[in-house]
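Architecture and fold: a report
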Amino acid sequence: MAELTAPGWHRGTAPDGTGFIRAGSGAPVLLIHGVGMNAAVWGPQIELMKDRWDVIAIDMLGHGRSPLPPEDASLADYAGQAIRLLDHLGLGAVSIVGHSMGALVGQEIALDAPERVRSIVSLNAVFRRPAALAQAVRERAAELNGAKNPSGTDATIARWFGNPVPDSLAEAARTTRAALQSVNREGYARTYRLFAHADAAHGDRLSGLAVPALFMTGSQDRNSSPAMSAAMARLAPRGRCVVLEGERHMMAIASPDAVTRRIVDFLESNDSTSTSGRPAMNTAFDAGEFRRALGSFLTGVTIVTAIGPEGEPRGFTANSFTSVSLDPPLVLVCIAKKALGYPVFSTSKCFAINVLSEEQRAASGVFASKSQDKFSAVEWRFGPTGSPLLGGSVATFDCDMEQLVDAGDHSILIGRVREFSHNSSQPLGYCRGAYVSPGLSQEALAAAPPDMEVGAILEDEGRVLFFETVDGFFELPAGRGLGTSGDTRSLNGRLAAQAIEAHLGFLFAVWDDAASPSRTHVYYRGTVDTPHSSNGQVQLVDIDRIAGLNIADAAVRSMLARYVRECREDAFGVYVGNEVEGEVRPLAKPAPMNTSNPGEQI
């Protein structure tokens, strides 16, 4: 008999003893929890989905109200339990959402009984664990004897949430601890022993997974890593990988809204009417920001990255990058068919393009070489698609493969941008077979006349750094020449005195002093790390507030008015003249986009 456990929820038991929760109406979705949990941990997902789906959460064998699994259980035993429940409920094909061990069970059902599965979501799934991780998991499994182990529970919570548990995750950790403490210890032990050895169970079978499949994990989940999800998505014909930034293993409990939103988007876009060869998910973001991110590339250099078939990071250097479309957001890059990485990139479902900064010149050389361990030379992290994103890049574009186009001795990888980022760092250029620096030449400034004023408009997330004087006036950082940190009259010396770390970028204005024509003022745009100085004279002012500042120097005031205007228009130039008159020369003339030349691979 069904038992009412929450408004709209029904707790039931199938003839074989399987416990389950059912709520809502619509297309059926089966939720399968992980080791140590039970059907009730899906509570947030049930509440968020029940108005549009018939949601069924199962108690896995040995968990909740369900009977124990066999002593030497297999994935087929757990898959069979789920199929019997569907038969009992009179359900044919369902969508499956499985977490961790539940993801393996869901995959087992989809591979052995494809007619029963419409689509599948694998949350925090394991796949071909690295040797050290596999050994650690199997050692934990060997220690289980069915007895209660409080220290083991503490270690699990620390592994899943951190030690100490952050305040933001405290409630999720309490929910998880309660489930672990209530689980049947023998059921837990038998299931965990299977889980410890099942990470490679589907390695040779995922290529036969016929249904749309979403593999989603957290960037901080070391045991069910982004590399694992990316590798599974690569093998599954209709697979897709999503990595949620900052999330860990229990993200379905810790961040239920974000996780469920991704699940819902996937289920809605891959219903029975979908004819796409791969799962579709909506991508929506600001077109203006996307345009500005593309503008970070100045005849530059990129490193293109992806995950290989064994979960290994792969990458190559290229300058054949260009934008293709704003709506939909498309970019392209070219790869030579003779390149060592061609078999990986030409068959990958996703890739990332990293636009390099001047500080990444060495990385460009490494990734252009035949080095076997390129990624040891750079800092990187997994992006939302599972592709590697390089730290320090001017811009990154994380893409799904939209189309592979044959083009002579190259292939064109056209990517649909899923997410992107950009900043105001100095891009690395490449021209006529050599690297170029399109921005500041500090060597040239160091050799400039000692009375030249060198100043900077230093930006930090929509704010500009000023020094406030005792008289209430605001000044930009400036000094006699660029100088060194020990020269207190120079720009670098004034910044060092306030412990300010700045990075100078593009030239913004040059003018001669009207009263003393031999004296020149040079101002650059740049960036600044948020200053830690306790000196109240250092102020970060929102760009929209600059017009109201008390600035004594009329020439600087005029320059800043232009700066504010060009920030809003996102079209910068260089002022050349004197403090009375001159002209703004654009950094580049608009030209029609030409994507016919695949460019040069370096």
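All values derive from a computational prediction rather than experimental measurement. Throughout, residues of each chain are indexed from 1 in the direction in which the sequence is written. Restriction of local features to residues with pLDDT of at least 70 applies here, the model being predicted, together with a cutoff of 80 or more for giving and counting side-chain atom pairs; totals for whole chains, interfaces and linings are based on all residues. Calculation of side-chain values draws on the structure's entire complement of heavy atoms; hydrogens and water are dropped beforehand.

Section: the side chain of Ser-387
Operational definition: Working definition: helices are DSSP H or I runs of at least four residues, strands are E runs of at least two. Numbering for both runs from the N terminus. Two N or O atoms form a polar contact when they lie within 3.5 Å of each other; inside protein one atom must be a possible hydrogen donor and the other a possible acceptor, and for residues adjacent in sequence the pair counts only when both atoms belong to side chains. Throughout, a residue-residue contact means that at least one pair of heavy atoms, one from each residue, lies within 4.5 Å.
For Ser-387, the position within the fold is in the loop between β15 (380-382) and β16 (388-390). Within the local environment of Ser-387, its side chain forms a polar contact with the side chain of Thr-385, the two groups lying 3.1 Å apart. Setting aside anything within four residues of it in sequence, one finds Ser-387 in contact with Thr-305, Ala-306, Ile-307, Cys-350, Phe-351, Ala-352, Arg-381, Phe-382 and Asp-398.

Examining the layout of surface pockets
Convention followed: The definitions used throughout rest on a 1 Å grid laid over the protein atoms alone, on which a cavity is an enclosed set of points accommodating a 1.4 Å probe that cannot get out and a pocket is an open set flanked by protein within 12 Å on both sides along at least five of seven lines; lining residues are those having an atom within 4 Å of a point. Grid points are joined across faces, edges and corners, and a volume is the space filled by probe spheres set on the points. Asp, Glu, Lys and Arg are counted as charged, while Ala, Val, Leu, Ile, Met, Phe, Trp, Tyr, Cys and Pro are counted as nonpolar; the rest, among them Gly, fall into the polar class.
Quantified by volume, the second largest pocket comes out at close to 610 Å³. Along the wall of the second largest pocket there are 25 residues; nearest its centre are Gly-315, Leu-340, Gly-341, Ser-369 and Lys-374. Put simply, the parts of the chain that give the lining of the second largest pocket at least two residues each are β11 (313-318) and β13 (330-336). Per element, the largest residue contribution to the lining of the second largest pocket is five residues, and it comes from β11. Class assignment for the residues of the lining of the second largest pocket results in 11 nonpolar, eight polar and six charged.

Concerning helix α7 (residues 185-197)
Stated formally: One less than the residue count of a helix, multiplied by 1.5 Å, gives the span that helix is expected to have. Buried, partly exposed and exposed residues are distinguished by accessible area as a fraction of the type maximum, computed with a 1.4 Å probe on protein chains only: under 20%, between the cut-offs, and over 50%, respectively.
Over its 13 residues, α7 extends 19 Å from the first C-alpha to the last, a length consistent with the 18 Å expected when each residue adds 1.5 Å. In terms of burial, α7 is a largely internal element, 10 of the 13 residues being buried. Within the sequence span of α7, burial applies to Arg-185, Gly-187, Tyr-188, Ala-189, Arg-190, Thr-191, Tyr-192, Leu-194, Phe-195 and Ala-196.

Comments concerning empty space enclosed by the protein
Following the criterion strictly, the structure yields four cavities of 30 Å³ or more and no others. Around the largest cavity, the lining comprises 19 residues; the ones closest to its centre are Ser-100, Trp-160, Tyr-192, Phe-195 and His-249. Elements represented by at least two residues in the lining of the largest cavity include exactly α4 (131-143), α5 (150-161) and α7. Residues that form the lining of the largest cavity fall into these classes: nine nonpolar, seven polar and three charged.

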